[in-house]
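# Close look at the chain arrangement
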Amino acid sequence: MADTMKVAVMTGIGQIEIEERPIPIPKEDEVLIRIKSVGVCGSDVHYFVEGKIGDYIVKPPFILGHECSGEVVEIGSRVENLQPGDRVTMEPGIPCGKCDYCRSGRYNLCPNVVFWATPPVDGVFCEYVTHSASFTYPIAPEVSFEEAALVEPLSVGFYASGRAKVEPGRVALILGSGPIGLVTLESLIARGLTQIISVDIFDLRLQKAKELGARWVINAKEEEVTQRVKEITQGRGVDYVFETAGGVSTTQSTVEVVKKGGKVVLVGLPSQSRVELDVIKIIDGELDVLGIFRYANTYPGCVDLLNAGRVDLASLITHRFSLEETGEALKFAHEHKAESIKVVVNL
Ligand SMILES: [Zn+2]
Ligand SMILES: [Zn+2]
């Protein structure tokens, strides 16, 4: 095996260059993985275009990418759960394992987490990566590497629906039908819901939501969402509303469309941290407002759903690029939202 690899490095805002770097060596509890597929996430696009998300600021050179899959090529001396040749998907964040959050199982809140492609931690738009064996999960032979890379976004939807403790027979509304809105839809269906309303402004995404099992779709450019939701629910409102669009007005609308005793689940990050909400509606209606930060303990369940064919991640992929074209992939995802859903880089 050669001792250097190709890496797609962000060298400045809107700039990616291919560099040669040494292939990393796995520590005793790590594996070395040859990367096969990396999904382009909204956060990657944001860092690429803006150079920052909130307080996380990119200091080039930096490597983006955190939704990935690959093949194990080497294992550390103490690794027992994996073998070279195993096809795997990787959970991108390694928590400390020692703090209160980690010890109580809420490791997504760990202040010491090391998460790929979150500055200053490099991501995985490269040929090889080392990773903790405990956060590396084997996939079934019939699952493709592309699908396996999308276990990461699926985890967000699965975690959000789990945190809301959704129950069959209830009505859910999903604001935003981008990749996260669609995996939230699939997670709700996997958890037994059948009455789901999906909202977006792009027809391609609404059509996909319909194909995946949304009972109703609303194009927010053509219809007044709050009004339409009232009609669908005969004036009652929905039991759960998931905000995945990260919009200010969509975030505000959550408390307008949910019924009393319902749950508001905030997944998307609005561009501003302060958003005016009708708190009387929250108090009088005893609404539960839940924030969602990444996920915890979701990978085993999500890998199982994918292995069992209970979720469709393959059909979310609309465009494919090579590692050398990583810059084009990020640019494309940024500029072609109406014609694309998920963009992936295949190696
Ligand atoms: Zn992501
Ligand atoms: Zn911790």
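Residues numbered from 1 in each chain as written. Chains lettered and ligands numbered in written order. Predicted model: local features only at pLDDT ≥ 70, side-chain atom pairs only at ≥ 80, totals over all residues.

## Re the packing of helix α1 (residues 42-50) against helix α11 (residues 326-335)
At a minimum axis distance of 9 Å, the contact between α1 and α11 shows a crossing angle of 100 degrees. By the angle between their directions, the pair α1 and α11 is classed as roughly perpendicular. Residues Asp 44, Val 45, Phe 48 and Val 49 of α1 form the contact with α11, whose participating residues are Leu 330, Ala 333 and His 334. Split into classes, the residues belonging to the contact of α1 with α11 amount to 5 nonpolar, 1 polar and 1 charged. (Axes fitted to C-alpha atoms, helices over the stretch in contact; angles between N-to-C directions. Helix = DSSP H or I, 4+ residues; strand = E, 2+ residues; numbered from the N terminus. Parallel < 35°, antiparallel > 145°, perpendicular 65-115°, else oblique. Contact = placed C-beta atoms within 7 Å. Nonpolar A, V, L, I, M, F, W, Y, C, P; charged D, E, K, R; others polar.)

## Describing the domain arrangement of the protein chain
What the domain assignment lists for the protein chain is domain 1 (4-150 + 313-346) and domain 2 (156-291). If you average the C-alpha positions of domain 1 and of domain 2, the two centres end up 28 Å apart. Counting from both sides, the interface comprises 6 residues of domain 1 and, opposite them, 6 residues of domain 2. (Domains from an automatic or database assignment.)

## Overview of helix α10 (residues 299-307)
Of the residues making up α10, those classed as buried are Tyr 299, Cys 302, Val 303 and Leu 306. End-on, the buried residues of α10 take up no more than an arc of 100 degrees, which puts them together on one face. Lining the buried residues of α10 we find β7 (87-90), β11 (136-138), α3 (145-149) and α4 (151-163). The first or second residue beyond α10 is Gly 309, which carries a positive phi of 75 degrees. (Buried ≥ 20, exposed ≤ 12 C-beta atoms within 10 Å, placed from the backbone. Arc of directions from axis to C-beta.)

## With respect to the sheet that holds strand β12 (residues 171-175)
As summarised here, the arrangement of the 6 strands in space is β14-β13-β12-β15-β16-β17, forming an open sheet in which the pairing is parallel. Among the strands making up the open sheet, the edge pair consists of β14 (216-219) and β17 (288-291). Neighbour-to-neighbour, the strand axes of this sheet turn through a mean angle of 15 degrees, independent of strand direction. As paired strands, β12 and strand β15 (residues 238-243) are joined by 4 bridges and run parallel to one another. Paired with Leu 173 across the two strands is Val 241, which belongs to β15. (Pairing = 2+ DSSP bridges.)

## Overview of the packing of helix α7 (residues 225-232) against helix α8 (residues 248-257)
Between α7 and α8, the least distance of the axes is 10 Å, while the angle of their chain directions is 30 degrees. Here α7 lies roughly parallel to α8, going by the angle between them. Taken as a pair, α7 and α8 cross one another with a handedness that is right-handed. Facing α7, whose interface residues are Val 225, Thr 226 and Val 229, α8 presents Ser 253, Glu 256 and Val 257. Each residue belonging to the contact of α7 with α8 can be placed in one class, and the counts come to 3 nonpolar, 2 polar and 1 charged. (Left-handed = near helix turned anticlockwise from the far one by under 90°.)

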